[in-house]
Amino acid sequence: MTQAIQTSAIVGVIGAGAMGAGIAQVAALAGHTVLLYDLDAKALDKARSGIAANVQRLIEKKKLDESAGQRAIDRVRIITSLADMRTASLVVEAIAERLDVKRALFSELEGIVSSECILATNTSSISITAIAAPMKYPSRVVGMHFFNPAPLMVLVEVVRGLATSDAVARAVYDTSAAWGKKPVHAKSTPGFIVNRVARPFYAEGLRLLNEQGADAASIDIVMRDSGGFRMGPFELMDLIGHDVNFAVTQSVFNAYFNDPRFTPSLIQQELVNAGFLGRKTGRGFYDYAADAEKPAARIETNMRTPSKIVLGQRVPLYEALQARIAEVGNSRNEMPGLIAQIDDAYLFLTDGRTATERAHALGIDNIVLVDLALDYANARSVALTRARQCTVDAYAAAAGALTQAAYAVVPLNDIAGMAVMRTVAMLVNEAADAVNQGVCTSADLDLAMEKGVNYPLGPLAWGERLGIERIHDVLIHLAAHYGEDRYRASPLIPALRYSGQRFH
Ligand code: NAI
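Labelled according to an unreviewed UniProt entry, the chain appears under the name 3-hydroxyacyl-CoA dehydrogenase, originating from Caballeronia temeraria.

(A) Examining the sheet that holds strand β6 (residues 141-146) more closely. Overall, mixed pairing links the 8 strands, which are arranged β3-β2-β1-β4-β5-β6-β7-β8 in an open sheet. Of all the strands in the sheet, the pair left with one neighbour each is β3 (76-79) and β8 (182-187). Put simply, the sheet's adjacent strands are angled 25 degrees from each other on average, direction ignored. When strand β4 (residues 90-93) meets strand β5 (residues 118-121), the two strands line up parallel, connected through 4 bridges.

(B) Quick peek at the packing of helix α18 (residues 459-466) against helix α19 (residues 468-482). The geometry of α18 relative to α19 is characterised by a closest axis approach of 5 Å and an angle of 100 degrees between their N-to-C directions. Comparing their axes, α19 and α18 come out roughly perpendicular. Of the residues in α19, those in contact with G463, E464 and L466 of α18 are I468, R470 and I471. Taken together, the residues of the contact of α18 with α19 sort by class into 3 nonpolar, 1 polar and 2 charged.

(C) Geometry of the packing of aromatic side chains. Under the definition given, this model contains 8 aromatic pairs. Here F201 and Y202 contribute two aromatic rings whose centre-to-centre distance is 5.8 Å and whose plane-to-plane angle is 80 degrees, an arrangement assigned as edge-to-face. We note that F201, like Y202, is buried. With 5.9 Å between their ring centres and 45 degrees between their planes, F201 and Y455 make a pair best called tilted. Placement of F201 in helix α8 (residues 199-210) and of Y455 in the loop between α17 (442-452) and α18 is noted, with a sequence separation of 254 residues between them. Classification of F201 by relative accessible area gives buried; the value is 1%. Ring pairing ties together the aromatic residues F201, Y202, F229, Y455 and W462, which thus form one cluster. Above the plane of the ring of Y482 lies R207, whose end atom (NZ or CZ) is 4.8 Å from the centre. Over the aromatic face of Y395 sits the side chain of R386, whose NZ or CZ is 5.8 Å from the ring centroid.

(D) Layout of the UniProt feature "domain: 3-hydroxyacyl-CoA dehydrogenase C-terminal" (unreviewed entry) in the chain. With numbering matched to this structure, UniProt assigns "domain: 3-hydroxyacyl-CoA dehydrogenase C-terminal" (unreviewed entry) to residues 191-288 and 417-496. Each end of residues 191-288 is marked by a C-alpha atom, and these two atoms are 30 Å apart; helix forms 59% of the span and strand 0%. Structurally, residues 417-496 comprises 70% helix and 0% strand, and the distance from its first C-alpha atom to its last is 22 Å.

(E) Region of the structure containing the site of the ligand. Around the ligand, the surrounding shell holds 22 residues, and the nearest of these are M19, D38, E97, K102 and N122. Between a nitrogen atom of the ligand and a main-chain N or O atom of L39, the distance comes to 3.4 Å. Interatomic distance of 3.0 Å between a side-chain N/O atom of N122 and an oxygen atom of the ligand. Relative to its unbound accessible surface of 830 Å², the ligand loses 72% to contact with the protein. When contributions to the shell around the ligand are tallied by element, the ones reaching two or more residues are α1 (18-29), α4 (99-110) and β6.

(F) Layout of the UniProt feature "domain: 3-hydroxybutyryl-CoA dehydrogenase reduced Rossmann-fold" (unreviewed entry) in the chain. Within this structure's numbering, the places UniProt gives as "domain: 3-hydroxybutyryl-CoA dehydrogenase reduced Rossmann-fold" (unreviewed entry) are residues 347-415. Along residues 347-415 the backbone is 30% helical and 25% strand, and the end-to-end C-alpha distance reaches 16 Å.

(G) Seen up close, the nonpolar core. The biggest cluster of nonpolar side chains holds 131 residues, and the ones touching the most others in it are M85, L109, I193, L317 and L445. Residue contributions to this core peak at 11 residues, all from helix α16 (residues 420-436). With near-sequence residues (within four places) excluded, M85 lies in contact with G12, V13, I14, L35, Y37, I79, V91, L109, I112 and V113. Counting residues in each nonpolar core, the second largest holds 37 residues, with A120, V142, V156 and A169 among its members.

(H) Geometry of the environment of Y37. Its place among the elements puts Y37 in strand β2 (residues 33-37). By relative accessible area, Y37 is classed as buried at 11%. Residues Y37 and L82, spaced 45 residues apart in sequence, show a C-alpha to C-alpha distance of 7.0 Å. In contact with Y37, other than residues within four places in its own chain, are V13, I14, G15, A16, L44, I79, T80, S81, L82 and M85.

(I) Structural detail: the pattern of salt bridges. Within the structure shown, the criterion is met by 28 salt bridges. A salt bridge links E93 to K102, with the shortest nitrogen-to-oxygen separation between them at 2.5 Å. For E93, a relative accessible area of 0% corresponds to the buried category. Judged by its relative accessible area of 1%, K102 is buried. A salt bridge links E464 to R502; its shortest N-O distance comes to 3.3 Å. Here E464 is found in helix α18, whereas its partner R502 is found in the segment after α20 (492-499), with 38 residues between them in sequence. Taken together, the shared-partner salt bridges in this structure form one network comprising R196, R261, E430 and D433.

(J) Local environment of the domain arrangement of the chain. In terms of domains, the chain is made up of domain 1 (10-188), domain 2 (196-281), domain 3 (309-411) and domain 4 (424-499). Look at where the C-alpha atoms of domain 3 and domain 4 centre, and you get two points 26 Å apart. The partner domain 4 presents 12 residues to the 8 residues of domain 3 that form the contact. Taken together, the two surfaces of domain 3 and domain 4 that pack against each other cover about 790 Å², and 69% of this comes from carbon and sulfur. For the domain 3 face of the interface with domain 4, the top three residues by lost area are G352, L372 and L374, together amounting to 57%.

Cut-offs used in this document
- Residues numbered from 1 in each chain as written.
- Predicted model: local features only at pLDDT ≥ 70, side-chain atom pairs only at ≥ 80, totals over all residues.
- Heavy atoms only, no water.
- Pairing = 2+ DSSP bridges.
- Helix = DSSP H or I, 4+ residues; strand = E, 2+ residues; numbered from the N terminus.
- Axes fitted to C-alpha atoms, helices over the stretch in contact; angles between N-to-C directions.
- Parallel < 35°, antiparallel > 145°, perpendicular 65-115°, else oblique.
- Contact = heavy atoms within 4.5 Å.
- Nonpolar A, V, L, I, M, F, W, Y, C, P; charged D, E, K, R; others polar.
- Phe/Tyr/Trp six-rings, centres within 6.5 Å; stacked < 30°, edge-to-face > 60°.
- Buried < 20%, exposed > 50% of the residue type's maximum accessible area, 1.4 Å probe, protein only.
- Lys NZ or Arg CZ within 6 Å of the ring centre and 35° of its normal.
- UniProt positions renumbered as here; feature names shortened; annotations may be inferred.
- Near = heavy atom within 4 Å.
- Polar contact = N/O pair within 3.5 Å; in protein donor to acceptor, adjacent residues only side chain to side chain.
- Areas by Shrake-Rupley, 256 points an atom, 1.4 Å probe, with all protein chains shown as cover.
- Core = buried A, V, L, I, M, F, W, Y, C linked by side-chain atoms within 4.5 Å.
- Salt bridge = Lys/Arg side-chain N within 4 Å of Asp/Glu carboxyl O.
- Domains from an automatic or database assignment.
- Buried area = accessible area lost by both parts, 1.4 Å probe.

Spelled out as structure tokens, the structure:
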């Protein structure tokens, strides 16, 4: 039985900024009377006209009939005194992101609303436990974390502090579902689910750039065309704004007592120092001036047509090569892990070691590594790197074969784990650690990453598809390569690997 609050119940929204206006719209469209409050009258005006315009657009797109739309608009009541919140059954707070300000507001609210009223906060970084601590009834305080823009993004993280009651968390979960959202349960820990697990997406891109593995445009194209992400890390950080993205990274890093896993990037700090905050200031990693030329990704031109391609093991890229290249023979090279021998070059999938280290370990100079793709059959680009020992000519044959297979080959310098593989391995690792620490279930974790940041696949499902063993090996190799605690594997990964169990 659902514990969602009834449609006839009144919902209060405090803070009429970007998030509060969106949340008010969602609640009104779900049938609630909404009391919207803000200290700033201009914010209230803007929210009211913004909601009306959004609903009008839904009517024009025929997603809503006109009278239903008008009734939803009329259900949003602007209030100018907090005392008018007394009839609310659920209040969602979306004011300034400061603990003292939120505590003061909730304490004042406690004196106004009934003892059954649920007090929800849309905070993205403050402990729910800490917000609730000074309250008379801390069990009714819960996180209700929407994503921006709230009317469009379906994820809601329902976050429990230490004192939050089961019934309150359940009521907010069911209410979110009744509002057409996809809620997940999370324990109040820094970054909750999405803002924690997504960190490596930005961090590994920034590391790669810092180590001169490639330029931003090349990494972006690999993450998009090969990794299957909607945007590359640099274009996405430019969209989010470096001030915001850097502040989230810093806050998660500080909150985890400087765990090196979350170390912020000096490159991003410099962008913030410069005021190059991304699209909103016209410049971030990219220049958004009207006359600026968008830098193109580097596509390999050093290539030649190979005279002989011998396929190796039945790995995913093998299938794609076989389908895409007509003149692959029937002979086979059974070297463990080999994708193909292309003239003198030996092509392998990256396993977290550099090509240079693998060449040394195998005693074969001409080692070329390819990066992970979400789906080689449909990928448009693949990244390639070569060992320092590998001859330019041997590499050119491998690049030629992949170009013949209709991939745009993006050259990377020989960085351990390349771009997609190390990013995905670290996303799986962070996801596993969150589950291992009881932040959420595996199912909620994957749902959160698919709906909150549009990943093509939940990280845990992705890890299972690749094999936990492969992910573990990549992490072990990265940790050995860098000698940094940052790349340590979550204890859940070896536990699953050696027991044969799965996340899901
Ligand atoms: P915003 O700056 O657009 O809006 C905040 C509004 O709260 C302003 O209109 C301000 O006048 C009002 N306000 C501040 N203190 C107040 C108080 N004591 N009483 C009443 N009104 C007050 O901020 P935004 O982006 O809407 O964020 C609000 C909350 O949502 C923050 O806690 C933020 O961390 C969280 N959040 C923000 C997301 C985003 O992408 N912007 C995403 C998810 C959560």
